[in-house]
Amino acid sequence: MGAITETTTHTGRANLDVFSETLQSMAANDRDITVVTSDSRGSGKLVPFAQKFPKQLVEIGIAEQNLVGVAAGLASTGKKVFAVSPACFLTARSFEQIKNDVAYSDNPVKLIGISAGVSYGALGSTHHSLHDYAALRAVNNVTIVAPADNYETEMTIRKAAELSSPIYIRFGKKPMPHLPHLSEGFEFGKGRIVRKGTDLIIIATGETVSPSLDAADLLAAKGIEATVVSMHTIKPLDTELIAELAKEGKPIVTAEEHSVYGGLGEACASFLLEQGFTNRFKIIAIPDEYTVTGSQLEILNHYGISDKGIAATAEKLLEK
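None of the values given here were measured: they were computed from a predicted structure.

Visitor: Any chance you could explain empty space enclosed by the protein here in plain terms?
Guide: To find leftover empty space, a probe the size of one water molecule is rolled over the atoms. Counting across every chain of the model gives 1 cavity of 30 Å³ or more. Looking at the largest cavity, its volume works out to about 100 Å³. Around the largest cavity, the lining is made up of 14 residues, and of these R170, G172, G206, E207 and E257 lie nearest the centre.

Visitor: Sorry, what's going on with the sheet that holds strand β9 (residues 192–195) here?
Guide: Neighbouring strands of a sheet are bound in pairs by backbone hydrogen bonds; such pairs are parallel or else antiparallel. If you walk across this open sheet you meet the 5 strands as β9-β11-β10-β13-β14, and the pairing is mixed. At either end of the open sheet lies a strand with only one pairing partner, and these are β9 and β14 (281–286). Averaged over all adjacent pairs, the angle separating strand axes in this sheet is 25°, with direction ignored. Of the strand pairs in this sheet, strand β10 (residues 200–204) and strand β11 (residues 226–230) are connected by 5 bridges, and their pairing is parallel. Residue I203 lies in a different strand from β11, and its bridge partner there is V229.

Visitor: Sorry, what's going on with the packing of aromatic side chains here?
Guide: For any pair of aromatic rings, geometry is given as the distance between the ring centres together with the angle between the planes. For the structure on display, the rule yields 5 aromatic pairs. Ring plane angle 50° and centroid distance 6.5 Å describe the contact between F19 and F82, whose orientation is recorded as tilted. Of the two residues, F19 is situated in helix α1 (residues 15–27) and F82 in strand β4 (residues 80–86); the sequence distance between them amounts to 63 residues. Taken as a pair, F19 and F82 share a single burial class, namely buried. On the basis of relative accessible area, F19 is assigned to the buried category, the value being 0%. Connected via pairs of aromatic rings, a cluster forms that spans F19, F82 and F171. A cation over an aromatic ring shows up here: R93 above the ring of F89, its NZ or CZ 4.2 Å from the ring centre. Directly above the aromatic system of Y133 lies the positively charged group of R170, at a separation of 4.4 Å from the ring centroid.

Visitor: Explain the sheet that holds strand β12 (residues 233–235) to me, please; I cannot follow it from the model alone.
Guide: Read across the open sheet, the 7 strands follow the order β3-β2-β4-β5-β7-β6-β12; overall the sheet is mixed. Here the strands that pair on one side only, and so sit at the sheet edges, are β3 (57–59) and β12. Adjacent strand axes in the sheet meet at a mean angle of 20° when their direction is disregarded. Bridge count for strand β5 (residues 110–114) against strand β7 (residues 167–170) is 4 bridges, and the pairing is parallel.

Visitor: Sorry, what's going on with the confidence of the model for the chain here?
Guide: If pLDDT is low for a region, its predicted coordinates should not be looked at in detail. The pLDDT averaged across the chain works out to 94; a share of 97% of its residues lies at or above 70. A low-confidence stretch, residues 1–9 stays under pLDDT 50, and its non-local contacts, those more than four residues away or across chains, total 28 contacts.

Visitor: So what exactly am I meant to see when it comes to the environment of I242 here?
Guide: Along the chain, I242 turns up in helix α9 (residues 239–246). For the pair I242 and C268, spaced 26 residues apart in sequence, the C-alpha separation works out to 7.7 Å.

Visitor: How do you make sense of helix α7 (residues 150–161) when you look at a structure like this?
Guide: The α-helix winds at 3.6 residues per turn, so residues separated by three or four positions along the chain end up facing the same way. With 12 residues, α7 extends 17 Å between its outermost C-alpha atoms, agreeing within 8% with the 16 Å of an ideal straight helix rising 1.5 Å per residue. All buried positions along α7 are accounted for by N150, E152, T153, T156, I157, A160 and A161. One side of α7 carries all its buried residues, which in axial view fall inside an arc of 160°. Put simply, D149 is the residue that caps the front of α7, since its side-chain oxygen is 3.3 Å from the backbone nitrogen of Y151.

Quick notes on the rules
Residues numbered from 1 in each chain as written. Predicted model: local features only at pLDDT ≥ 70, side-chain atom pairs only at ≥ 80, totals over all residues. Heavy atoms only, no water. 1 Å grid on protein atoms, 1.4 Å probe; cavity = no way out; pocket = protein on both sides within 12 Å on 5 of 7 lines; lining within 4 Å. Points joined across faces, edges and corners; volume = space filled by probe spheres on them. Pairing = 2+ DSSP bridges. Helix = DSSP H or I, 4+ residues; strand = E, 2+ residues; numbered from the N terminus. Axes fitted to C-alpha atoms, helices over the stretch in contact; angles between N-to-C directions. Phe/Tyr/Trp six-rings, centres within 6.5 Å; stacked < 30°, edge-to-face > 60°. Buried < 20%, exposed > 50% of the residue type's maximum accessible area, 1.4 Å probe, protein only. Lys NZ or Arg CZ within 6 Å of the ring centre and 35° of its normal. pLDDT = per-residue confidence, 0-100. Contact = heavy atoms within 4.5 Å. Expected span 1.5 Å × (residues − 1). Arc of directions from axis to C-beta. Polar contact = N/O pair within 3.5 Å; in protein donor to acceptor, adjacent residues only side chain to side chain.

Dropping the structure here:
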């Protein structure tokens, strides 16, 4: 059971910090870079941006529907607009505005959902965004991206600024380890293999990629070698890579900080089934129940979205 193995290196910074610094770097040379926030400059790490570029930031206040409407209007004039708000509110309260003002009207707004998944922890279900992939996957003309580390974050923001169509970008809050670079380049709709193995495949997105890599280390200690993929783009999904990985029939596990319904796992399962693949398959995500209360780490550990949980699920799938 040989493999080409690499592990995560030292821990980086929170992706939101990189998001803010990248925006500042671009705004220094591009007056069209514009940020619209819903009283989120603090939680969105945008205080430095506001201090340096006060004329390139619009504060809407706690009015997320207005946030998206204003962002769409500015984008229609040629501004490169980043609309920043907590993911739970941005993709629920403003869903109609995203659907009509942004996607249907083809305004290239960059929708930035912050504190996503269960990042708000003990604030509870009202502040969890476990629906955002599912909701926006059903809307035509929206790219959906969840960067896994600082590199993916910077590349996402730089490429999003030049994108001529709408995009939703999801960020958590915690510092993220740097991922191994087994391949060069970054492109929306193209997953990145961050570890190569011979026995099974783990496809993860956003903040679940790091524990998936750690799970691969745990499995390797038992002689099980896993390929790990950072599927940073949920839509459009990299079906070419999934098909290439699945063709040898190895078991596939998906991991995401989202509801079990409508996210990465269901997108992968749908494609595989339609194409006639018969790989053993398991989705690791938040089940359809009242979410337990606790910190982000406690919640993820409870639902097995952790290194030990992912490794255990993978082992069980191999045993079937």
